[in-house]
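The residues making up each chain are set out below.
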Amino acid sequence: MSPNKLQDPALLQALQRVLFTEQVPHMLNSAQSAALCKQLSCSVLELAERMLPLAASFAVTPKSHFNVGAIAIDTQQQLFLGANYELAYGPLTGSLHGEQSAIFNALSHQASSIESLVINAAPCGYCRQFMNELENAKDLQIRFNQQNYRLPQLLPESFGPGDLGITAPLHHLALSDAHKPSDFAKASYAPYSHTQSAMFAYQGDKLLAWSCYIENVAFSPSLSPLLTLLSQLNLNHLSLDKVERFELWEHNDNRFSFKQELQNFAEYSEKPMTHHGYSKT
């Protein structure tokens, strides 16, 4: 991103000094965020607010042309950027929201509990419902338009995991022992359907990005692994030109499959895809 587009040269210079690169980061670890806050004389929340144009620069919006930037902050003061991603073909439901992108970015990096989300626009009802899946939803802080809110203020009389008897809402993904592709599928958060699905993008034998399925108690805001995978590629500055093939790994007894969704995209992008099934061990 050029300084002209960023319109915050002090932030750009500080990022270059701390990260030693001009590339827009998809996340900041605790040490990096602390160093930036010191250089810019700001709080972590203020840093996240200043970085929202960076997050929004990752947006892919061929339909809405409305770029949403979101940043999730965990209890260790790490920052995880996210942006909305829309498929150019198909119905409007083929879209990932910026808040979902930031939350998955945090989960995929095994972040500690997310305590705040900073957004460049008021979150839609769909996203408020998705955030409500988080274990600490009642304490989650949401900031937009220079105002702070707790999620219950934005989603009163909410419907949450507890209403369907789920006692372990979304907190983290079981990735500590994930090595094989099926391990990433098993890390899916799917307490309602028990579906295990993960998608991967490869360049030769090199793994470029991965994603897994994330469910929501209201069902509709459940997170498509395809859209998450495309978002992860984008956040890591990896264009589709780098991808040589896609893989989908799913449990043989899944109640539904994402095979057709990935196959449609593979045909659209003219990339090969393979589908693998596995059994529980």
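A short tour of the structure in this document, coming up. These numbers come from a predicted model, not from an experiment. (Residues numbered from 1 in each chain as written. Predicted model: local features only at pLDDT ≥ 70, side-chain atom pairs only at ≥ 80, totals over all residues. Heavy atoms only, no water.)

**Observations regarding the overall build of the protein**
Looking only at helices and strands, one finds 11 helices and 12 strands in the protein. For the C-alpha atoms alone, the extent of the protein along its principal axes is close to 55 × 45 × 35 Å. By the burial criterion, 55% of the 281 residues in the protein qualify as buried. For the protein, the share of sequence-separated contacts (at least 6 apart) that also reach a separation of at least 24 residues comes to 64%. As displayed, the protein has an accessible area near 13000 Å², and 49% of this comes from carbon and sulfur atoms. Where the 18 positive side-chain charges of the protein centre and where its 25 negative ones centre are 3 Å apart. (Helix = DSSP H or I, 4+ residues; strand = E, 2+ residues; numbered from the N terminus. Buried < 20%, exposed > 50% of the residue type's maximum accessible area, 1.4 Å probe, protein only. Contact = heavy atoms within 4.5 Å. Areas by Shrake-Rupley, 256 points an atom, 1.4 Å probe, with all protein chains shown as cover. Lys, Arg positive; Asp, Glu negative; His and termini not counted. Charge placed at Lys NZ, Arg CZ, Asp CG, Glu CD.)

**Points about the sheet that holds strand E7 (residues 141–144)**
Strands sit in the order E1-E3-E2-E6-E7-E8 across an open sheet of six strands; the sheet is mixed. This sheet does not close on itself; its edge strands, each paired only once, are strand E1 (27–28) and strand E8 (147–150). Relative to E8, E7 is paired through four bridges, and the arrangement is antiparallel. Its bridge partner being in E8, Phe 144 is matched across the sheet by Gln 147. (Pairing = 2+ DSSP bridges.)

**Digging into helix H10 (residues 225–235)**
The buried count for H10 comes to 10 of 11 residues, which makes it a mostly enclosed element. Taken as a whole, H10 has its buried residues at Pro 225, Leu 226, Leu 227, Thr 228, Leu 229, Leu 230, Ser 231, Gln 232, Leu 233 and Leu 235. Residue Ser 224 occupies the N-cap position of H10, its side-chain oxygen lying 3.2 Å from the main-chain nitrogen of Leu 226. Of the residues one or two after H10, His 237 is the one with positive phi, at around 60°. (Polar contact = N/O pair within 3.5 Å; in protein donor to acceptor, adjacent residues only side chain to side chain.)

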